Amino acid sequence: MKAIRFEPIIKDEADALKAHYSASSKKIKSLELVYLPFCLFKYKISRKAWLGEDKSDESLLLADMVNGIPINVPAQVEFNDKTGKMAPLISGIDKSKATRLAGRGLKVKVSKISVENADLPEKSTLKTAISHREAVRKGLWALRYDLMNIWGPFRSKSLEMSRSEAEPLQVYFPYWILYYPKNGKMDFEALDALSGSKEGTQIKMSIVRAMSLME
């Protein structure tokens, strides 16, 4: 299917296995590259600082379109936009003070991510379970929860978060799925194909649910 994707930096099985075995001894039986759909959108966060002054920042957030798990886009990440559709999202973001917020952050092995139109294999392109609107709602709610845990309720009670007017963009994020035997069954690890980092339980749950929708 034709879709917009983040171009994988870890492109082949050998590099995926190398990334896995650098951090784990689990014996991999098979692996595959899949694409999980995300909603990429710009949001604004406004709050009052300790001395009462108003502060606001704009930044980018990814929320997966299965469970709405947020991935914050750090200020230092740049995009090589080959689609011509990202300009409204990145316009106006002051990277010198872009929000360095808590929670899951986008990781990359290089400083720039290529965003491109691609013809993705149907069997590797996972299905969506929620709309853009629901992904935005869930992503902002989860990010707010992270912030309240770190800043505390007193600092966060004046926190306001909203999506900007720029239209969200549906982007497919590449993950290597590595299968290994566990207690007589097959389990898997998910590696971020932009960085080679092992994903945690939340993204794995989204991948499992998305795979179930393919059956």
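Here the structure is shown first, and the text comes after it.
Residues numbered from 1 in each chain as written. Predicted model: local features only at pLDDT ≥ 70, side-chain atom pairs only at ≥ 80, totals over all residues. Heavy atoms only, no water.

(A) A look at the environment of I207. Mapping I207 onto the fold places it in helix α5 (residues 201-212). Relative accessible area serves as the criterion here: at 0%, I207 is assigned to the buried category. Residues I207 and V66 lie 141 residues apart in sequence; the distance between their C-alpha atoms is 8.1 Å. (Helix = DSSP H or I, 4+ residues; strand = E, 2+ residues; numbered from the N terminus. Buried < 20%, exposed > 50% of the residue type's maximum accessible area, 1.4 Å probe, protein only.)

(B) Broad picture of the packing of aromatic side chains. Scanning the model with the defined rule gives five aromatic pairs in all. Here the aromatic rings of F38 and F173 are separated by 5.5 Å at their centres, their planes lie at 45°, and the arrangement is tilted. Of this pair, F38 sits in strand β2 (residues 30-48) while F173 is found in strand β8 (residues 169-182), placing the two residues 135 residues apart along the sequence. Comparing F38 with F173, the two get one shared label, buried. (Phe/Tyr/Trp six-rings, centres within 6.5 Å; stacked < 30°, edge-to-face > 60°.)

(C) Geometry of the nonpolar core. Core analysis: the biggest nonpolar cluster contains 33 residues, and F6, F79, Y175 and I207 have the highest contact counts within it. By residue number, the principal contributor to this core is β8, which donates six residues. Non-local contacts of I207, meaning those with residues more than four positions away in its chain, are made with L36, L126, Y175, I177, F188 and A190. In this structure, A19, L33, Y35 and L178 belong to the second largest nonpolar core, which totals 16 residues. (Core = buried A, V, L, I, M, F, W, Y, C linked by side-chain atoms within 4.5 Å. Contact = heavy atoms within 4.5 Å.)

(D) Just helix α1 (residues 13-21), in detail. Within the span of α1, buried status applies to A16, A19 and H20. For α1, the buried positions fall inside an angular range of 100° around the axis, keeping them on one side. α1 presents A14 and K18 as exposed residues on the side facing more than 90 degrees away from its buried surface. (Arc of directions from axis to C-beta.)

Keep in mind that these numbers describe shape and distance, not what the molecule does.
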